[in-house]
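Tertiary structure, described
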Amino acid sequence: MKLLAHIFCLALALALFDAVAVNEHGVPYFFKGDHVFKGFNNDALLSNESFPELDDHHHVDHVDAAFHMHFDDDPSHEHMFFFLDDNVFSYNAYKLEDGYPKKIHEVFPGIPDHLDAAVECHKGECDEDSVLFFKDHDVYHYNIQTKAHTASTLTTMPNCTAALRFMDHYYCFHGHMFSKFNPKTLEVPAEKYPKEARDFFMKCRNYSKCDHTEHSERERCSRVDLDAITADGAGHMYAFRGHYYLHKAHGSDAYTADTIENDFRELHSDVDAVFSYNNHTYMIKGNDLYIYQVGEHNTLLDGYPKPLKDELGLEGPIQAAFVCDNEHTAHLIKGNHIFDVDMQTTPHVATNDRPLTHFKKINGAMCGADGVTLIDGNHFYKYESIMLMVASKMLPEAHKVSVELFHCDH
């Protein structure tokens, strides 16, 4: 199995997945050639070991597209669909449904053969329970209930070779890169994508060593904006970007990188804001607040995540948050305003609304003995105090994040 995993990762180095879908437990299945890689850290298996009928009807040297159907309003939930050339296979509990395989146009009228990718889209995330089918530059939005579809042209990112809905987010893979996208508009977040898929989705053994690039160097010297940053009372610093975070221990100049999922499993990726207080890490994502007990293994407190509005008095999105050393006030930046939250008083209420007018977009903030650090894109700015930061009429000297914060040479 180790050899199969190694071969699979070598294949990924050239062209990534043929198809991706989650099973009924939410575990991603990555298909490449006649193999499937289940989850993020397991070995590659032959696809026909789990789905033998694919070989009975069509030698499975590849899968064109796949998706998992689980819609609350649809009786045919918990099905996995596989598309091979002009055929579609429907599995329930790893058993092929009676009557399958069928021609694609019989099950999904108006959808072409030889697809590139497919992904389910739930009502609320799309207008109705739908499936997005990708072929070349065309995207077909297929309504599960009415069987009607609309077509659009993909202009916001490269063609999708595979697509995935994972933890309420949508991803399009192209080659060994991927982009996160909005399933309704197909828009991609600005300045963040595409990213290297092998670093985020497929934990190939020794990939970084083979690529001669350590995760820490890549994350330190990346020009992609940070999502969040924090420094705790012990002097440790943490910076978050996408699926990864950097850590620098107090008194050290060395940075180490790891996946957010590895140390903050429930979050997975894409943190909005983080601050440290009273030996806990407060992590904000959307309208949810996650609080972790700091330790050898970060532990999510019972009952979390909880609504951000209930816990800190503001609704998301929050751009940045910080607590200064030996203080008990959390400062939350929302849009171009900063709010104070007294952490010693319950219920927590956001007060003291003040404008911050000099910044286009604040990506992160932290506060320590040397004052407040605000990060705006690829630059950061230093203030001796919050009062001076709020009262300032001009921007202070700009410092480059990669060079002066993370000690890169560019």
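Up top is the structure these notes are about.
Described below are features of the structure shown in this document. (Residues numbered from 1 in each chain as written. Predicted model: local features only at pLDDT ≥ 70, side-chain atom pairs only at ≥ 80, totals over all residues. Heavy atoms only, no water.)

Attention now moves to the overall build of the protein chain. In terms of regular secondary structure, the protein chain is built from 11 helices and 34 strands. Sorting the 410 residues of the protein chain into buried and exposed places 52% on the buried side. Within the protein chain, contacts between residues separated by at least 24 positions form 42% of all contacts whose residues are at least 6 apart in sequence. As displayed, the protein chain has an accessible area near 18900 Å², and 50% of this comes from carbon and sulfur atoms. (Helix = DSSP H or I, 4+ residues; strand = E, 2+ residues; numbered from the N terminus. Buried < 20%, exposed > 50% of the residue type's maximum accessible area, 1.4 Å probe, protein only. Contact = heavy atoms within 4.5 Å. Areas by Shrake-Rupley, 256 points an atom, 1.4 Å probe, with all protein chains shown as cover.)

Checked against the element boundaries, Arg241 lands in strand β19 (residues 237-241). Under the relative-accessibility criterion, Arg241 is labelled buried at 6%. Spatially, the C-alpha atom of Arg241 lies 7.0 Å from that of Ala228, the residues being 13 residues apart in sequence. Residue contacts for Arg241: discarding those within four places in its chain leaves Glu219, Ser222, Val224, Asp225, Leu226 and Asp227.

It is worth spelling out the nonpolar core at this point. Among the nonpolar cores identified, the biggest contains 33 residues, and Phe240, Phe275, Met283 and Leu312 are the most heavily contacted of them. Residue assignment for this core shows that the elements contributing at least two residues are β19, β22 (273-277), β23 (280-285), β24 (288-293), α9 (308-312), β27 (320-323), β28 (329-334) and β29 (337-342). Here Phe275 is in contact with Thr230, His280, Thr281, Tyr282, Leu312, Ala321, Phe322, Val323, Ala330 and Met343, once residues within four sequence places are set aside. By size, the runner-up hydrophobic cluster in this structure holds 32 residues, among which are Val63, Tyr91, Ala118 and Tyr140. (Core = buried A, V, L, I, M, F, W, Y, C linked by side-chain atoms within 4.5 Å.)

Enumeration according to the criterion identifies three disulfides in this entry. Sulfur-sulfur distance for the disulfide between Cys160 and Cys172 comes to 1.9 Å. Between Cys160 and Cys172, the S-S torsion sits near -125°, and that sign places the bridge as left-handed. Of this pair, Cys160 sits in the loop between β13 (149-153) and β14 (162-166) while Cys172 sits in strand β15 (residues 169-174), and the two are 12 residues apart along the sequence. Taken individually, Cys160 and Cys172 each receive the classification buried, so the pair is uniform in this respect. The disulfide bridge from Cys324 ends at Cys367, spanning 2.0 Å between sulfur atoms. Between Cys324 and Cys367 the disulfide shows an S-S torsion of about 95°. By sign, it is right-handed. Taken together, the positions of Cys324 in the loop between β27 and β28 and Cys367 in strand β31 (residues 364-368) put the pair 43 residues apart, joining distant regions of the chain. (Disulfide = S-S within 2.5 Å.)

Scanning the entire structure with this criterion turns up one cavity of 30 Å³ or more. In this structure, the largest cavity spans a volume of roughly 30 Å³. Contributions of two or more residues to the lining of the largest cavity are made by β1 (19-22), β5 (65-69), β10 (117-121) and β14. The class makeup of the residues in the lining of the largest cavity is nine nonpolar, one polar and two charged. (1 Å grid on protein atoms, 1.4 Å probe; cavity = no way out; pocket = protein on both sides within 12 Å on 5 of 7 lines; lining within 4 Å. Points joined across faces, edges and corners; volume = space filled by probe spheres on them. Nonpolar A, V, L, I, M, F, W, Y, C, P; charged D, E, K, R; others polar.)

Okay, the pairing of β28 next. Walk down a regular strand and you will see the side chains alternate between the two sheet faces. Note that β27 and β28 share four bridges and pair antiparallel. Its bridge partner being in β28, Phe322 is matched across the sheet by His331. The antiparallel pairing of β27 with β28 creates a hairpin that spans five residues between the two strands, and Asn326 there sits at a positive phi of about 60°. Count of turn residues in the β28/β29 antiparallel hairpin: two residues, of which Gly335 carries a positive phi of about 65°. (Pairing = 2+ DSSP bridges.)

Among the secondary structure elements, Ser130 is positioned in strand β11 (residues 130-135). On the basis of relative accessible area, Ser130 is assigned to the buried category, the value being 8%. At 2.6 Å, the side chain of Ser130 and the backbone oxygen of Glu128 are in polar contact. (Polar contact = N/O pair within 3.5 Å; in protein donor to acceptor, adjacent residues only side chain to side chain.)

If you trace the four strands from one edge of the open sheet to the other, you get β31-β32-β33-β34, paired in antiparallel fashion. A strand with exactly one partner marks an edge of an open sheet, and here the two such strands are β31 and β34 (399-400). Of the pairings in the sheet, the one linking strand β33 (residues 379-383) to β34 comprises two bridges and is antiparallel in character. Along β34, the bridge assignment pairs Phe380 with His399.

Once that is clear, we can look at the packing of aromatic side chains. In total, this model carries 25 aromatic pairs according to the counting rule given. Measuring from ring centre to ring centre gives 6.2 Å for Phe133 and Tyr142, while their planes differ by 80°; the resulting arrangement is edge-to-face. Assessed through its relative accessible area of 1%, Tyr142 is described here as buried. Within the aromatic cluster, the residues linked to one another by ring pairs are Phe67, Phe81, Phe83, Phe108, Phe133 and Tyr142. Over the aromatic face of Tyr100 sits the side chain of Lys102, whose NZ or CZ is 4.8 Å from the ring centroid. (Phe/Tyr/Trp six-rings, centres within 6.5 Å; stacked < 30°, edge-to-face > 60°. Lys NZ or Arg CZ within 6 Å of the ring centre and 35° of its normal.)

Once that is clear, we can look at the sheet that holds β14. Spatial ordering of the open sheet is given by β14-β15-β16-β17, a layout of four strands whose pairing is antiparallel. Lying at the two open borders of the sheet, with one neighbouring strand each, are β14 and β17 (195-196). As defined by bridge partners, β14 adjoins β15 across five bridges and the pair is classed as antiparallel. Each residue of the ladder has a partner; that of Phe166, found in β15, is His169.

Moving on to the layout of surface pockets. By volume, the largest pocket amounts to about 570 Å³. Asp232, Ser276, Asn279, His280 and Val294 are, among the 33 residues lining the largest pocket, the residues nearest its centre. Listing elements by their share of the lining of the largest pocket, those giving two or more residues are β18 (228-231), β19, α8 (260-263), β22 and β23. Here the residues of the lining of the largest pocket sort into 11 nonpolar, 14 polar and eight charged.

Bear in mind that shape data such as this cannot, by itself, settle questions of function.
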